[in-house]
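Breakdown of the fold
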Amino acid sequence: MADVPSTYTDPVRIAVIGGTGLQSLPHFTLAARLNVATPWGHTSSPISILHHPAPDTGKPIPIAFLSRHGLHHEYAPHEVPARANIAALRSIGVRSIIAFSAVGSLQEEVKPRDFVVPDQVIDRTKGIRPFTFYEGGMVGHFGFGDPFDERLATIVRRCGHSLEGEGVVLHDKGTIICMEGPQFSTRAESNLYRSWGGTVINMSALPEAKLAREAEISYQMICMATDYDCWHTTEDVNVEMVMGHMKANSENARRFVGAVLDELSKEEHSDQVQAKHYEGQAKFAGSITAPAGRTKDALDKLNWLFPGYYE
Ligand SMILES: CSC[C@H]1O[C@H](OP(=O)(O)O)[C@H](O)[C@@H]1O
Ligand SMILES: Nc1ncnc2[nH]cnc12
């Protein structure tokens with residue numbers, strides 16, 4: 001462990017944020033382990049740089065891996081330093097994130113161990129988590145009609161379907177209810193979310209997805225159902241249940257993520273992986289504050305994230 005490099009000079013374009021029960025990607029070669037300090041503090045775990053052979057050229061492609069809740073699951077959902085995580089990933093070059101999440105199912109047809117590639121989110125966090133890079137003297141407004149990147153989702157879905165019949169069941173769309181936690185929902189809440197059309201529920205899609213959008217990073221969550229929350233006739237959700245299903249299906253989760261990384265490592269996805277379609281958006285979205293109203297503190301922080309964007 002001690003001789004793993006603590007720096008990595010090439011840009012790293014693709015990252016995986018691992019969630020509950022997916023705290024590492026053991027089948028990859030560890031090339032470096034980075035501790036990145038950002039103006040928003042430290043990341044929830046060191047960033048592992050993993051080498052992954054591109055299927056078309058055999059060339060090693062670097063992948064960044066970050067554990068959302070820390071190496072030992074020590075950060076509760078509301079304590080995850082999401083701004084530091086996203087800022088640190090952007091600072092090493094990341095422009096595409098595959099984020100993994102263990103979720104409760106709000107619909108009968110989404111069974112425990114099924115995968116969902118969601119396309120919508122309903123925000124049920126309570127405003128206690130820092131949720132933007134733009135504050136304290138710089139205002140930014142970003143479109144969030146589609147909270148995930150549909151182009152990335154298309155690739156992810158194709159990879160998931162290619163594994164179907166080998167233990168992977170995939171639902172192509174779904175609305176995540178992102179609740180505050182750390183307590184699970186009441187039965188009344190769970191039924192309310194079902195009536196709203198919620199497909200699955202977690203505690204971590206937000207602010208992660210919002211911050212990725214502000215950072216011009218293409219972001220898609222892959223969810224794996226671990227329980228039926230508390231609306232179903234089966235046993236109410238508990239941690240043992242979540243961890244049990246995650247453990248039992250972790251090999252499929254890793255195969256799914258591995259297939260996505262294989263695909264994204266191909267040269268043909270180079271523009272997508274670099275999120276060329278988002279490039280420069282923050283420059284305009286964040287220019288609403290006239291220079292006279294910008295504070296040095298806000299400018300310093302945002303110029304760390306986007307060198308040269310703002311004066
Ligand atoms: C341990 S159950 C609740 C916990 O699991 C999910 O974590 P993640 O999204 O990081 O996989 C959920 O969001 C909660 O944080
Ligand atoms: N029922 C549930 N509610 C919120 N987050 C979850 N993560 C896994 N199961 C969950």
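- Looking at an unreviewed UniProt entry, one finds the chain named S-methyl-5'-thioadenosine phosphorylase and attributed to Patellaria atrata CBS 101060.
- The UniProt entry for the chain carries this comment under Catalytic activity (unreviewed entry): "S-methyl-5'-thioadenosine + phosphate = 5-(methylsulfanyl)-alpha-D-ribose 1-phosphate + adenine".
- For the record of the chain, the UniProt heading Subunit (unreviewed entry) holds the text "Homotrimer."

**Topic: the overall build of the chain**
- A tally of helices and strands in the chain yields nine helices and 13 strands.
- In terms of overall dimensions, the chain has a C-alpha envelope of 60 × 45 × 35 Å along the principal axes.
- In the chain, which comprises 311 residues, the share counted as buried stands at 57%.
- Restricting to contacts in the chain with at least 6 residues of sequence separation, those with at least 24 account for 80%.

**Re the packing of aromatic side chains**
- Using the criterion set out here, one finds 12 aromatic pairs in the structure.
- Ring geometry for Y228 against W231: centres 5.6 Å apart, planes inclined by 85°, an arrangement best described as edge-to-face. Residues Y228 and W231 agree in their burial class; the two are buried.
- Between F306 and Y310, the ring centres sit 6.3 Å apart and the planes meet at 85°, which makes this aromatic pair edge-to-face. Both residues of the pair, F306 and Y310, count as buried.
- Members of the aromatic cluster, joined through ring pairs, are Y134, F142, F306, Y309 and Y310.
- The aromatic ring of W231 is capped on one face by R194, whose charged end is 3.6 Å from the ring centroid.

**A look at the pattern of salt bridges**
- Under the defined criterion, the tally for this structure stands at 15 salt bridges.
- With a closest N to O distance of 2.9 Å, E180 and R129 form a salt bridge. In this pair, E180 sits in the loop between β11 (175–179) and α3 (187–195) while R129 sits in the loop between β9 (120–124) and α2 (150–162), placing the two residues 51 residues apart along the sequence. Grouping residues by exposure puts E180 and R129 together as buried.
- Here K301 and D297 are joined by a salt bridge, their closest N and O atoms 3.7 Å apart. Within this pair, K301 and its partner D297 are both found in helix α9 (residues 296–305), separated by four residues, close to a single helical turn.

**Section: a nonpolar patch on the surface**
- On the surface, a nonpolar cluster with roughly 260 Å² of combined accessible area is contributed by F184, V239 and M243.
- Within the fold, V239 resides in helix α5 (residues 239–248).
- Residue class for V239 comes out exposed when judged on its relative accessible area of 56%.

Quick notes on the rules
- Residues numbered from 1 in each chain as written.
- Chains lettered and ligands numbered in written order.
- Predicted model: local features only at pLDDT ≥ 70, side-chain atom pairs only at ≥ 80, totals over all residues.
- Heavy atoms only, no water.
- UniProt positions renumbered as here; feature names shortened; annotations may be inferred.
- Helix = DSSP H or I, 4+ residues; strand = E, 2+ residues; numbered from the N terminus.
- Buried < 20%, exposed > 50% of the residue type's maximum accessible area, 1.4 Å probe, protein only.
- Contact = heavy atoms within 4.5 Å.
- Phe/Tyr/Trp six-rings, centres within 6.5 Å; stacked < 30°, edge-to-face > 60°.
- Lys NZ or Arg CZ within 6 Å of the ring centre and 35° of its normal.
- Salt bridge = Lys/Arg side-chain N within 4 Å of Asp/Glu carboxyl O.
- Patch = residues over 30% accessible without salt bridge, like charges linked within 9 Å, V, L, I, M, F, W, Y side chains within 5 Å.
- Areas by Shrake-Rupley, 256 points an atom, 1.4 Å probe, with all protein chains shown as cover.

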